[in-house]
Structure formats: C-alpha cells, structure tokens
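Fold and geometry: a report
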Amino acid sequence: MLIMLKNITIGQYIPGNTFIHRLDPRVKIILSIIFIISLFIITKFSGYIFILLFLLLSVFVSKIPLSYIFKGLKPILVILILTVGLNVFFTPGGTYLASIGPLKITSNGVRLALFMGLRLIFLIVGTSLLTLTTSPIALTDGIENLLTPFKSIGLPAHELAMMMTIALRFIPTLLEETDKIMKAQMARGADFESGNLVKRAKNLIPLLVPLFISAFRRADELAVAMEARCYRGGFNRTKLKQLKVSNRDYIAILFTAILVGIIIWNRFWPW
Amino acid sequence: MGKIIMTKDLTFVYEAESNDSSKKIVLNSLNIDIDEGKFVAIIGHNGSGKSTLAKHFNALLVPTEGDVYINGMNTKDTSHLWDIRQTAGMVFQNPDNQLVATIVEEDVAFGPENLGIDPKEIRERVDFALNAVDMYKYREFAPHMLSGGQKQRIAIAGVIAMRPQCIILDEPTAMLDPKGRKEVIKTVQKLNKENGITIILITHFMEEAVLADRVIVMDNGKIALDGTPKDVFKEVKILKDLGLDVPQVTELAYKLKQEGIDIPTEILTVDEMVRFICQYK
Ligand SMILES: Nc1ncnc2c1ncn2[C@@H]1O[C@H](COP(=O)(O)OP(=O)(O)OP(=O)(O)O)[C@@H](O)[C@H]1O
Ligand SMILES: [Mg+2]
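Residues numbered from 1 in each chain as written. Chains lettered and ligands numbered in written order. Predicted model: local features only at pLDDT ≥ 70, side-chain atom pairs only at ≥ 80, totals over all residues. Heavy atoms only, no water.

Points about the sheet that holds strand β4 (residues 39-44) of chain B
Residue and element names in this part refer to chain B. Cut-off, in case you're wondering: Strands are labelled as partners when DSSP assigns at least two bridges between them. A run of DSSP states H or I qualifies as a helix once it reaches four residues; a run of E qualifies as a strand once it reaches two. Both are numbered from the N-terminal end. Only the contacting stretch of a helix is used when fitting its axis, a line to C-alpha atoms as for every element, and angles between N-to-C directions run 0 to 180 degrees. The contact definition used throughout considers only heavy atoms, calling two residues in contact when any of these lie within 4.5 Å.
Across the sheet, 6 strands lie side by side as β7-β8-β9-β4-β10-β11; this open sheet has mixed pairing. Pairing within the sheet leaves two strands with one partner each, and these edge strands are β7 (88-91) and β11 (222-227). With direction set aside, neighbouring strand axes in the sheet form an average angle of 20 degrees. The sheet contact formed by β4 and strand β9 (residues 198-202) spans 4 bridges and is parallel. The residue bridging V40 from the neighbouring strand is I200, located in β9. The strands that helix α6 (residues 178-195) touches are β4, β8 (166-170) and β9; relative to β9, the one it contacts most, it runs at about 150 degrees.

In structure tokens:
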C-alpha cells in the first residue's frame with residue numbers, strides 16, 4: 001500500500017522543449033479532439049495507415065520514448081482483450097474459420113476485432129501524447145480558456161480551473177500526509193496489509209479520519225489565505241501567462257487538417 | 001510620519017452560534033496606533049487574541065464595536081475592502097495552506113492577478129518580489145519541492161507582489177526549523193529596512209520579538225505591555241505572570257540581579273551580555 005501511493009504520479013507529463021511541447025495547450029486539446037473524431041470516421045483498414053504515420057511523426061517530433069507510450073497502453077490491456085475477444089467470437093457473418101468449443105470464429109469477426117482493437121490503441125496513444133507533452137497546469141489553462149465562451153450560459157469555467165489547480169497543488173501534500181499518518185498508525189500497531197477486503201476497508205478508518213479532518217482544516221485555512229490575497233472569483237481577473245497562438249500552432253493545425261482531409265477522402269476508396 | 005494602522009476602542013466577540021451565554025470578549029477596547037515603517041512584534045500566550053487582532057488589520061474580520069483604520073480607510077467600509085487587503089498583506093502560520101498555485105511564480109502572481117493588473121506588470125512585480133525574498137532561481141519549482149522556510153518566503157513574495165505598505169505575519173516561523181526561522185526573519189528585517197515596509201510580526205519566539213522596534217504584549221484581549229523591547233523585557237516578573245518567556249540572556253541577567261550582582265536588566269542579546277561580562281569588575 002505504501003509503495004502504491006508513491007507510484008501515483010500526477011498526470012504523466014514528461015518535461016521537454018520540443019515543437020509539440022511548445023504548442024498552445026488550447027490548440028493541442030482541440031487537435032486531439034479532432035484526431036479522436038477522425039478515428040471514428042475511418043471505415044477501412046487503409047485509413048489507419050495515415051493515422052499511424054501521423055502518430056509516428058508526432059512521437060518522433062516530441063522525443064517521447066516509445067516505452068512511455070507502451071506503458072500508457074498497459075492499463076487498458078483488459079479492455080483491449082475484452083474488445084478483441086468479444087468481437088472475434090460474437091460477430092456473425094463471413095466465412096467460417098475455426099471454433100473453440102461452442103464459439104465460432106468467422107472472418108468478419110477477426111476483421112472487426114482487429115479493426116476495433118487498433119482503434120482503441122490509436123485512441124489511447126493519441127490522448128496520452130497530449131498528456132505526456134502538456135503539463136497539468138498548461139492543460140488547466142487551456143481548458144479554462146476554451147470553456148470561457150460558455151460562461152454566458154452559466155458554465156463556471158474559472159471556478160473549474162481553480163478547483164483543478166488547487167487539486168494539483170494539494171495532491172503531493174496530501175500524499176505526504178497520508179504516508180505520515182500511515183506510519184504513525186502502523187507504529188501503534190495498525191495493520192493495513194492483511195485480512196480480507198472488508199477487514200482491510202475497516203482498517204483504513206484510522207487512516208481516513210485524520211486525513212479528512214486535516215484536509216478540511218487545510219481547505220479552511222487556504223480559503224482565508226486566498227481571501228486575504230484579494231481573491232474574488234474570476235471577476236476582472238488577469239493572468240500572468242497569456243496563451244498565444246503562434247506559427248508553430250498553425251503548422252500543427254495544417255498537418256491535422258491534411259490528415260482529416262485524407263481520412264474523409266479515404267471513405268470513398270474501394271479498399 | 002503617518003499612522004498606517006489605527007484601532008479605536010476595538011472590541012470583538014466571536015458569534016457563538018450554539019449558546020449565547022458563552023460569548024467571550026476576545027478583543028477588549030483596544031487602542032493601537034502603528035507608525036509607518038516600523039517593525040512591531042506582538043506577543044502573548046495562546047488564546048490571547050493575537051490572530052484575531054491580525055485578521056482585523058486585513059479586514060478578514062470587522063470589529064463588533066469600535067473601528068479599525070488602515071491608512072485612514074475604515075475596515076467597515078466595504079468599498080475599500082480590496083484597497084485595504086492590498087495595503088496590508090498577510091502571511092499565515094502554515095506554509096502549505098497558503099500557497100495556491102502549482103508553480104512558484106504563478107503563486108506569487110496570484111494576488112496581482114486577482115487585482116486585475118496588466119500581465120506585463122504582473123511579470124515585473126513577480127520578478128521583483130522573488131528577488132526581494134531571494135527566491136528568484138526557484139521561480140519554476142513546485143511548492144512541495146521547497147523547504148518550509150522557502151515556502152514561507154514565497155508566501156511573503158506573494159504579498160510583496162501586491163505592493164503593500166504593511167505586512168502582517170501571524171506566527172510565520174512556528175512550523176519551521178531553526179534554519180528556516182532565520183531565513184524568514186532575515187527576509188522580514190530586510191523588507192523593513194530596505195523597502196520601508198511596515199512589519200507586524202506575531203510570534204512566540206522572544207528572540208524574534210527582540211529584533212523589533214516595538215513590542216506589544218497581549219493578554220486576554222487587552223494590551224498588557226507596550227514599548228521598546230528593552231522596556232518590555234525588563235518587566236520579567238509581569239511577563240512571567242502572563243505565562244510568557246523572556247529571552248534567555250534577559251532571564252539570566254534578571255537572576256544575576258536578584259543575586260545581588262549589579263547588572264542592567266535591559267540585556268536582550270548574547271552580544272550585549274558578553275560585552276557586559278567582559279567589562280564587569
Ligand atoms: N473562529 C472562532 N470561533 C470562535 N472562537 C474563536 C475562533 N477563533 C478563535 N477563537 C477564540 O478566540 C480567542 C483568541 O483566539 P486567537 O486565535 O486570536 O488567539 P491567539 O493569540 O492567536 O492564540 P495562538 O497563540 O494560539 O495563536 C480564543 O479563546 C479562541 O478560542
Ligand atoms: Mg494565533
């Protein structure tokens with residue numbers, strides 16, 4: 001359990017100074033969304049060639065080690081296997097290939113399973129490329145900025161971003177504190193590691209109660225400190241760092257536009 | 001010289017929500033004037049009302065009775081609220097619970113951002129403030145990578161970036177190790193001397209109070225003693241009765257005097273003590 005806590009990293013940002021790292025976060029977020037949509041437009045395997053090229057180019061430019069990309073795929077391995085498995089066995093039609101027990105495998109099934117599996121992989125690689133090359137702070141800034149136009153329909157853009165920032169700020173603090181409380185309770189004989197699930201959950205109480213109390217105290221003090229520093233919500237607020245769309249961003253937009261163009265065109269290809 | 005802070009018969013009672021009979025007067029008719037540019041220390045035992053008083057200087061609390069004026073502005077006048085909070089900045093005890101942003105320089109920018117200042121000027125103010133507390137090279141660090149003393153200096157920088165005339169520090173060194181304490185106090189002294197910022201330092205450490213121009217001793221919402229450190233700390237008996245310590249050397253001098261040795265009781269620092277002993281015949 002102790003080890004588990006240490007392995008939680010906030011986001012998975014890998015600092016860098018490459019073309020992709022330095023793109024405006026707003027542009028990166030929007031382009032990522034467009035990338036995801038284009039994945040779902042594709043109807044043929046041939047479309048994936050261009051997706052693959054696009055991703056390879058991005059990974060190459062961002063200098064992110066491939067091992068990180070594969071690491072990002074690990075958590076979805078179960079979903080991936082499930083998707084592929086279900087599609088292989090439960091897709092009707094096509095020519096009969098083989099059977100495992102009562103389950104039949106058809107050519108349509110294999111085709112669809114591969115198609116869905118690849119789509120899932122590309123989806124994860126694409127989005128983790130966003131989080132690997134954008135710091136959580138820049139992401140927050142970008143999201144706040146993109147949501148600002150929706151303020152007029154009552155979306156609390158600034159408040160959401162503030163919540164995210166404070167969460168990011170306090171995660172390390174609270175993790176450290178959890179660790180401290182755990183050690184203190186273990187020194188008094190608390191046991192967090194043995195017993196069945198119910199027992200383990202019960203054993204967490206002496207950890208969670210002090211943690212919650214302290215978190216509320218922190219929240220209270222932080223609120224006072226923010227008020228003392230003239231915080232009054234998003235009203236009339238400026239920002240130290242202004243987001244700016246530069247030539248770099250236009251190049252990225254151009255590349256993505258070409259990708260989308262090819263993919264739409266791909267729908268009319270015979271193969 | 002102008003008065004940066006004035007309180008007129010300041011009385012404060014926390015609104016006890018449950019039972020009104022237990023209402024306790026936390027601040028009792030206080031009249032305090034603080035001159036601009038001074039370094040004032042406030043001491044007093046736990047629960048004597050120091051933090052409550054500090055929060056009145058920043059309009060986080062307003063008096064139940066009486067008035068508080070910051071640079072002539074009444075804290076009850078809500079139209080001056082933001083001016084007051086900008087004029088009198090506040091630093092709190094726990095360094096972890098007052099930093100808002102995930103990057104040092106963005107935290108320092110938090111105050112000016114709230115004031116709606118132009119980004120270019122925020123940049124200048126942030127750089128100035130970080131240099132003033134000697135933390136410029138840490139500007140891109142995450143707060144949780146810093147030591148307690150460094151975090152506290154960032155909190156001070158966050159206040160300086162709002163261009164205050166006065167900084168109120170509520171036990172800023174209570175959670176720090178001796179090294180961090182020294183860093184913070186040195187920073188505070190420098191801001192007072194070089195930048196002319198009025199400092200109000202609430203502390204439990206007498207060694208820190210000794211450094212001030214003026215020491216105010218609080219007891220049960222009232223002022224027990226008020227004067228220069230020399231005047232205040234020679235009242236060893238009164239301070240002891242209030243449950244407060246005096247600087248170690250002052251206590252030593254006090255005891256020597258009781259033993260019949262002819263020693264002035266205004267000795268506050270080790271240096272002064274050494275000088276006296278060397279000259280003693
Ligand atoms: N939010 C509150 N609600 C009700 N009573 C309070 C509140 N905060 C403080 N008090 C009471 O007001 C009195 C003065 O508290 P205050 O925090 O000002 O003391 P202090 O001198 O700062 O003490 P310390 O040295 O412990 O920081 C105490 O008796 C305390 O119990
Ligand atoms: Mg206090």
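Section: the packing of helix α5 (residues 77-90) of chain A against helix α6 (residues 107-133) of chain A
Residues and elements named next belong to chain A. Counted only if it meets this: The cut-offs work like this: below 35 degrees is roughly parallel, past 145 is roughly antiparallel, 65 to 115 is roughly perpendicular, and the gaps in between are oblique. In this scheme the crossing of two helices becomes right-handed for a clockwise turn of the near helix relative to the far one and left-handed for an anticlockwise turn of less than a right angle.
The contact between α5 and α6 brings their axes to 7 Å, and the two run at 160 degrees. Here α5 lies roughly antiparallel to α6, going by the angle between them. Crossing of α5 over α6 shows right-handed handedness. Contacts between α5 and α6 involve I79, L80, T83, V84, N87 and V88 from the first element and G109, L112, A113, M116, G117, L120 and I121 from the second.

Re unusual backbone geometry
Operational definition: For every residue, the accessible area obtained with a 1.4 Å probe (protein chains only) is divided by the maximum for its type, and the residue is called buried under 20%, exposed over 50%, and partly exposed between those limits.
The phi angle at A:N236 is positive, at roughly 60 degrees, despite the residue not being glycine. Tracing the backbone shows A:N236 in the loop between α10 (205-228) and α11 (247-266). Overall, the relative accessible area of 51% leaves A:N236 in the exposed class. Phi at B:A59 takes a positive value of approximately 60 degrees, unusual for a residue other than glycine.

A word on helix α5 (residues 148-160) of chain B
Basically, it comes down to this: Expected helix span is computed as 1.5 Å times (number of residues minus one).
With 13 residues, α5(B) should cover 18 Å at 1.5 Å per step; its first-to-last C-alpha distance of 18 Å lies within 8% of that length. Within the span of α5(B), buried status applies to B:G149, B:Q150, B:K151, B:Q152, B:R153, B:I154, B:A155, B:I156, B:A157, B:G158, B:V159 and B:I160.

Here we look at the UniProt feature "transmembrane region" (unreviewed entry) in chain A
The line we're drawing: UniProt positions are given in the numbering used here, feature names are shortened, and annotations may be inferred rather than shown by experiment.
Following the UniProt record, the feature "transmembrane region" (unreviewed entry) maps to residues 29-56, 76-100, 112-133, 153-175 and 250-269 of chain A here. Taken end to end, residues 153-175 of chain A is 83% helix and 0% strand, and its two terminal C-alpha atoms sit 37 Å from one another.

Some details on the interface of chain A and chain B
Put simply, the rule reads: When two parts are brought into contact, each loses some accessible area as probed by a 1.4 Å sphere; the total of that loss over both is the buried area. What counts as a salt bridge is simple: a side-chain nitrogen of Lys or Arg found within 4 Å of a carboxyl oxygen of Asp or Glu. Three classes are used, and their members are as follows: Ala, Val, Leu, Ile, Met, Phe, Trp, Tyr, Cys and Pro are nonpolar, Asp, Glu, Lys and Arg are charged, and the others, Gly among them, are polar.
Facing the 29 residues of chain A at the interface are 38 residues of chain B. Interface of chain A and chain B: buried area, both sides summed, is about 3100 Å²; carbon and sulfur atoms make up 56% of it. Looking only at chain A, the three residues that lose the most surface to chain B are A:R169, A:R229 and A:L240, adding up to 28% of its buried area. Counting across the interface, chain A meets chain B through 6 salt bridges. Here A:E227 and B:R85 are joined by a salt bridge, their closest N and O atoms 3.4 Å apart. Of all the elements in the fold, those that place two or more residues in the side of chain A that touches chain B are α8 (157-187) and α10 of chain A. Here the side of chain A that touches chain B is composed, by residue class, of 14 nonpolar, 5 polar and 10 charged.

A short note on the pairing of strand β2 (residues 103-106) of chain A
Here strand β1 (residues 96-100) of chain A pairs with β2(A) via 4 bridges, running antiparallel. If you follow A:I100 over to β2(A), its bridge partner there is A:L103.

So, the domain arrangement of chain A
We apply this condition: Where each domain begins and ends follows an automated or database-derived domain assignment.
Along its sequence, chain A is carved into domain 1 (9-134 + 244-268) and domain 2 (156-229). Taking only C-alpha atoms into account, the centre of domain 1 of chain A sits 36 Å from that of domain 2 of chain A.

A word on the side chain of A:T106
Within the element layout of this structure, A:T106 appears in strand β2. Excluding residues within four positions of it along the chain, A:T106 makes contact with A:V88, A:T91, A:G93, A:T95 and A:L97.

Comments concerning a nonpolar patch on the surface
Just so we agree on the cut-off: Residues enter a patch when their relative accessible area is above 30% and they make no salt bridge; the linking distance is 9 Å between like charges and 5 Å between nonpolar side chains (Val, Leu, Ile, Met, Phe, Trp, Tyr). Per-residue accessibility takes into account occlusion by the displayed protein chains alone, with areas from the Shrake-Rupley method and a 1.4 Å probe.
On the surface, a nonpolar cluster with roughly 490 Å² of combined accessible area is contributed by A:F150, A:I153, A:L155, A:L160 and A:M163. When its relative accessible area of 42% is taken as the criterion, A:F150 is described as partly exposed.

As for the pattern of salt bridges
For the structure on display, the rule yields 26 salt bridges over all chains. B:E113 is the salt-bridge partner of A:R237, the closest N and O atoms lying 3.0 Å from each other. In this pair, A:R237 is assigned in the loop between α10 and α11 and B:E113 in helix α3 (residues 104-114), connecting two distinct chains. For the pair A:R237 and B:E113, one class covers both residues: buried. B:E251 is the partner of B:K255 in a salt bridge, and the nearest nitrogen-oxygen pair spans 3.5 Å. Remark: B:E251 and B:K255 occur in helix α10 (residues 248-258); sequence separation between them is 4 residues, near one turn of the helix. With a relative accessible area of 47%, B:K255 lands in the partly exposed category. Residues joined by salt bridges that share partners form a network here, namely A:K241, B:E105, B:E106, B:R123 and B:D127.

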